[in-house]
Amino acid sequence: METDEPFTPDTAIDWISTGDVEHSEAEALLEQLLLKGYLYETGTGLQITK
């Protein structure tokens, strides 16, 4: 999903969980995306790194 608008971590977890992924695994995957720089946190939410 492409978005230029900030989104919440809960929204990201929901997007990840739309596949066949458990909620706890989606949380871990979100953390990895943040740690590896694919996503970054702003004052208003998460953004996708371009």
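Relevant structure appears above.
Remember, it's a predicted structure, so these values are computed and weren't measured experimentally.

Rules and cut-offs
- Residues numbered from 1 in each chain as written.
- Predicted model: local features only at pLDDT ≥ 70, side-chain atom pairs only at ≥ 80, totals over all residues.
- Heavy atoms only, no water.
- Helix = DSSP H or I, 4+ residues; strand = E, 2+ residues; numbered from the N terminus.
- Rg over C-alpha atoms; globule rule 2.2 N^0.38 Å.
- Contact = heavy atoms within 4.5 Å.
- Areas by Shrake-Rupley, 256 points an atom, 1.4 Å probe, with all protein chains shown as cover.
- Axes fitted to C-alpha atoms, helices over the stretch in contact; angles between N-to-C directions.
- Left-handed = near helix turned anticlockwise from the far one by under 90°.
- Nonpolar A, V, L, I, M, F, W, Y, C, P; charged D, E, K, R; others polar.

**Q** Can you explain the overall build of the chain? Please cite residues and give values.
**A** Along its length, the chain carries 2 helices and 2 strands. Expected size for 50 residues packed as a compact globule is a radius of gyration near 10 Å; at 10 Å, the chain falls within 12% of this value. Principal-axis analysis of the C-alpha atoms places the extent of the chain at approximately 25 × 20 × 20 Å. Excluding contacts between residues fewer than 6 apart, the proportion of contacts in the chain whose partners are at least 24 apart in sequence is 37%. Put simply, the chain shows about 3800 Å² of open surface, and 51% of that area lies on carbon and sulfur atoms.

**Q** Kindly report on the packing of helix H1 (residues 9–17) against helix H2 (residues 23–35), identifying the contributing residues and their values.
**A** The geometry of H1 relative to H2 is characterised by a closest axis approach of 9 Å and an angle of 115° between their N-to-C directions. The two elements H1 and H2 meet at a crossing, and its hand is right-handed. Together, Pro9, Ala12, Ile13, Ile16 and Ser17 of H1 and His23, Ala26, Glu27, Leu29, Leu30 and Leu33 of H2 make up the contact between the two elements. Residues that form the contact of H1 with H2 fall into these classes: 8 nonpolar, 2 polar and 1 charged.

Everything listed is a geometric property; what it means functionally is a separate question.
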